[in-house]
Amino acid sequence: QAQDERNYHIFYQVCASASLPEFKELALTCAKDFFYTSQGDNMSIEGVDDAEDLEKTRHAFTLLGMKESDQSTVFQIIAAILHLGNLGIQEERDGEACSISSTDEHLTTFCSLLGVEHSQMMYWLCHRKLVTTAETYVKSMSLQQAFDARDALAKHIYAQLFDWIVQHINKALHTTVKQHSFIGVLDIYRFETFEVNSFEQFCINYANEKLQQQFNLHVFKLEQEEYMKEEIPWTLIDFYDNQPCIDLIEAKLGILDLLDEECKVPKGTDHNWAQKLYNQHTGNQHFQKPRMSNTSFVVVHFADKVEYQCEGFLEKNRDTVYEEQINILKASKYQMVADLFEDEKDTAPAASVKKGTSKINVRSARPAVKAANKEHKKTVGHQFRNSLHLLMETLNATTPHYIRCIKPNDEKLPFNFDAKRVDQQLRACGVLETLRISAVGFPSRWSYHDFFSRYCVLMKKRDISKNDKKQICQTLLKDLIKDPDKFQFGRTKIFFRAGQVAYLEKLRADKLRAATIIIQKTVRAWLQRAKYQRLKGAAIVIQRYARGHLARRFAEHLRRTRAATVFQKQFRMLRIRRAFQRIRSATITIQAFARGMFVRRVYREV
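Residues numbered from 1 in each chain as written. Predicted model: local features only at pLDDT ≥ 70, side-chain atom pairs only at ≥ 80, totals over all residues. Heavy atoms only, no water.

The chain is annotated in an unreviewed UniProt entry as Unconventional myosin-Vb from Tinamus guttatus.

What follows is the structure, given as structure tokens:
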């Protein structure tokens, strides 16, 4: 595995559940103790509970009718694969031979779980049988050959188990009702380019080339069918065809052909294969030789240039599982284990390409034709190519629909959009090329009903009242778009050249904006009038109360002024009256005294 990558999830699920009573005999520990689960140095995924996921897996098995005994055997085989990866293989005779200790606990557990003979498996994991026309002899494997054979056996056991589970699921879902059609789901491999690219990336990108070609042809075919169905004048659309790159890979004397040829050479090497590639394809526009390397080559794929390192190509392409090891598994005391391998007479390479947690299973959908002898075994590249052709046949015989999944970022973080990474993915999955194909013709289509509903705002009132929507749409477009080549009227749809829908959207937006302004103006005027009316009413009320208050104050002032005047009048009258009374009284007194004096004077005189 690559750094921070995990292997198959089921391995980590059984390790996380090793403490279960029914898993005691599997002799499992944590995932970091096994070679096949610890190479990426990342044994867990944040937010994922492997033990809980195992319960879901077992529940799914039960729902599909898998018996408890079969489930136990499945988990035994999975645990046996983990133990197989931990075998202690020791080097002998300066690397010419190797051996496994008879006391190796992982070998003992592996043989016990699969029910095979310990001594035979120990021997044939380090030896292989060579058959010539004259004789048959046994040869010791080197340490690296033993490791390769061990890994090939592990992959083969897993592949057989995987196929058995698929067959069991299909059997459980089988119905006696006649099937006229089916729905298949294909998870397409994404285009891969890393710092170090090997056989796995080569096969994945080869598959992507084939699938991208099928996708382009499918889009082109859909375009053609759409135009013919709508009776639109059809002109040939030129689009990028990656057939030259595919020929470079799969044609005679192509990369895969030369690889298979080198695998047949007794002492073939990756370096010799690389030199043959340089000699054969140096002039090919899709093939390049790096300046600073003699053991790598560059393929110009539809998505990007990828440099592949030749080291390991031959061994991965052979990926041979030896017949002697399979015969031991056939003799297992567990019937299910023996059944997994009973149909294998001559064992071909495990036709799977493994990279991290991605597995490309390319087992043929057709019954395999058994080879006459081991010399006719198929390489991984050959099987991959044949299986890919079968897949193409299936896709071409069906009606495919595509869903492109784009990762916004590689850190799996929310609300984080990496524009450069997204651009790479769009180019890698051919979306931009697809858009280019569509843009050459009439990329935008509207049904008459949808067009009428969308752009009725641009129509005149007298036109909308008509019943023939098709005629209304035609009249409108002829008025709005003066160039008749920019659109075409089909039977049920209107077809537009690139940019015309944007122009109509601009007209619609301008019309809606003008209408919005009028509505806003009217509403704002109404709001302001309502506000003014409220303010005016409030002002009148305030004025009324203020004037009433002022009038009452003035009336009070008048009353007080009148009262003060009355008080002043009465007070003045009283004051004058008293003064008058005093003067009158004094006057009378003076008159009395004066008259008395005059009378007495007269009296005296008299």
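There's more to say after this.
S.K.: Looking at this structure, how should I read the pairing of strand E6 (residues 296-300)?
M.R.: Within a regular beta strand, the side chains point alternately toward one face of the sheet and then the other, so they alternate between its two faces. Of all five residues that make up E6, five are buried, and the element is covered over most of its length. Neither face of E6 is exposed, since Ser296, Val298 and Val300 on one face and Phe297 and Val299 on the opposite face are all buried. Here strand E5 (residues 287-288) pairs with E6 via two bridges, running antiparallel. Looking at the pairing, Gln288 lines up with Val298 of E6. The sheet contact formed by E6 and strand E7 (residues 305-309) spans five bridges and is antiparallel. Paired with Val299 across the bridge in E7 is Val306. From the end of E6 to the start of E7, which pair antiparallel, there are four residues. (Buried < 20%, exposed > 50% of the residue type's maximum accessible area, 1.4 Å probe, protein only. Helix = DSSP H or I, 4+ residues; strand = E, 2+ residues; numbered from the N terminus. Pairing = 2+ DSSP bridges.)

S.K.: Please clarify how the environment of Cys245 should be interpreted in this entry.
M.R.: Structurally, the position occupied by Cys245 is in helix H9 (residues 243-250). For Cys245, a relative accessible area of 0% translates into the label buried. Not counting the four nearest positions on each side in its chain, Cys245 is found in contact with Glu209, His286, Val299, Val300 and His301. (Contact = heavy atoms within 4.5 Å.)

S.K.: Teacher, can you tell me more about the packing of aromatic side chains here?
M.R.: Aromatic rings in a pair are described by how distant their centres are and how their planes are angled relative to each other. In total, this model carries 24 aromatic pairs according to the counting rule given. Between Phe202 and Phe297, the aromatic rings sit 6.3 Å apart at their centres with planes inclined by 75°, giving edge-to-face as the arrangement. Placement of Phe202 in helix H8 (residues 199-229) and of Phe297 in strand E6 is noted, with a sequence separation of 95 residues between them. Grouping residues by exposure puts Phe202 and Phe297 together as buried. Aromatic side chains Tyr278 and Phe287 sit 6.5 Å apart centroid to centroid with 55° between the ring planes, which places their arrangement in the tilted category. (Phe/Tyr/Trp six-rings, centres within 6.5 Å; stacked < 30°, edge-to-face > 60°.)

S.K.: Explanation requested: the nonpolar core in the structure shown.
M.R.: Nonpolar side chains tend to gather and get buried jointly when the protein is soluble and globular. Formed by 56 residues in total, the largest nonpolar core has its most connected members in Phe11, Phe75, Phe110, Leu114, Met121, Ile157 and Leu329. The contacts of Leu114, once residues within four sequence positions are left out, are Ile77, Ala80, Ile157, Leu329, Ser332, Tyr334 and Val337. (Core = buried A, V, L, I, M, F, W, Y, C linked by side-chain atoms within 4.5 Å.)

S.K.: What's the story with the packing of helix H10 (residues 255-264) against helix H15 (residues 380-396) in this structure? I'm lost.
M.R.: Geometry of a packed helix pair, given as the angle between the helix axes and the separation of the axes. The contact between H10 and H15 brings their axes to 9 Å, and the two run at 145°. Across from Leu256, Asp257 and Asp260 in H10, the residues of H15 making contact are Gly381, His382 and Arg385. (Axes fitted to C-alpha atoms, helices over the stretch in contact; angles between N-to-C directions.)

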